[in-house]
Amino acid sequence: MTLKWGTLKGWRFTHEATIAAAQRYAEFGMSAGAATQNDTPDQKQALCDLIDAVDGEIVNDWSGEAMTKDEAKRYVLDYGKPRVASPLSREGREGE
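A quick note: this is a predicted structure, and the numbers were derived from the prediction, not measured. (Residues numbered from 1 in each chain as written. Predicted model: local features only at pLDDT ≥ 70, side-chain atom pairs only at ≥ 80, totals over all residues. Heavy atoms only, no water.)

(A) Representation of the pairing of strand β2 (residues 7-10) within the structure. Of the strand pairs in this sheet, strand β1 (residues 2-4) and β2 are connected by 3 bridges, and their pairing is antiparallel. Each residue of the ladder has a partner; that of Thr2, found in β2, is Gly10. Hairpin remark: β1 followed by β2, antiparallel, with 2 residues in the connecting loop; positive phi at Trp5, about 60 degrees. (Pairing = 2+ DSSP bridges. Helix = DSSP H or I, 4+ residues; strand = E, 2+ residues; numbered from the N terminus.)

(B) Expanded view of the pattern of salt bridges. Following the criterion strictly, the structure yields 5 salt bridges and no others. For the salt bridge of Lys4 with Asp61, the shortest nitrogen-to-oxygen distance reads 3.3 Å. Here the residue Lys4 occupies a position in strand β1, and Asp61 occupies one in the loop between β3 (58-60) and β4 (66-67), the gap between them amounting to 57 residues. Among the residues examined, Asp61 registers a relative accessible area of 27% and is labelled partly exposed. One salt bridge in this structure joins Lys81 and Asp78, with 3.9 Å as the shortest N-O distance. Judged by relative accessible area, which is 53%, Lys81 ranks as exposed. Classification of Asp78 by relative accessible area gives partly exposed; the value is 39%. (Salt bridge = Lys/Arg side-chain N within 4 Å of Asp/Glu carboxyl O. Buried < 20%, exposed > 50% of the residue type's maximum accessible area, 1.4 Å probe, protein only.)

(C) Inspection of the packing of aromatic side chains at higher detail. Here the structure, examined in full by the defined rule, presents 2 aromatic pairs. For the pair Trp5 and Trp62, a centre-to-centre distance of 5.0 Å together with 70 degrees between the ring planes defines the contact as edge-to-face. Here the residue Trp5 occupies a position in the loop between β1 and β2, and Trp62 occupies one in the loop between β3 and β4, the gap between them amounting to 57 residues. For the pair Tyr75 and Tyr79, a centre-to-centre distance of 5.7 Å together with 70 degrees between the ring planes defines the contact as edge-to-face. Given a relative accessible area of 32%, Tyr79 falls into the partly exposed group. (Phe/Tyr/Trp six-rings, centres within 6.5 Å; stacked < 30°, edge-to-face > 60°.)

(D) Structural view of the packing of helix α1 (residues 16-26) against helix α2 (residues 41-53). At a closest axis distance of 9 Å, the pairing of α1 and α2 adopts a crossing angle of 170 degrees. In terms of orientation, α1 lies roughly antiparallel with respect to α2. Contacts between α1 and α2 pair Ala17, Thr18, Ala21, Ala22 and Tyr25 from the former with Gln43, Ala46, Leu47, Asp49, Leu50 and Ala53 from the latter. Across the contact of α1 with α2, the residue classes tally to 8 nonpolar, 2 polar and 1 charged. (Axes fitted to C-alpha atoms, helices over the stretch in contact; angles between N-to-C directions. Parallel < 35°, antiparallel > 145°, perpendicular 65-115°, else oblique. Contact = heavy atoms within 4.5 Å. Nonpolar A, V, L, I, M, F, W, Y, C, P; charged D, E, K, R; others polar.)

(E) Seen up close, the side chain of Thr18. By the secondary structure assignment, Thr18 is in helix α1. Assessed through its relative accessible area of 3%, Thr18 is described here as buried. Contact partners of Thr18, with chain neighbours within four places excluded, come to Phe13, Leu50, Ala53, Val54 and Asp55.

The following block contains the structure:
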């Protein structure tokens, strides 16, 4: 499974449970490309359910690195949300 733009980019599912989860996700409708996909909260939940069902590698297409299921779900759920400045970052410090 490959994720990009916070959504599903590529897959090769062979297990029945994974195929069923992928079909549930696809029932919401999918764009022709990951860059134009804008998942609703329900779609994101269906994608997280699909991630849980995956019995294989999950890859971030940007970095090429494998992700754990928890990392993949966090990526999907947090994608597109504004980042909050860390208290340790320059943006989070006042008076400097």
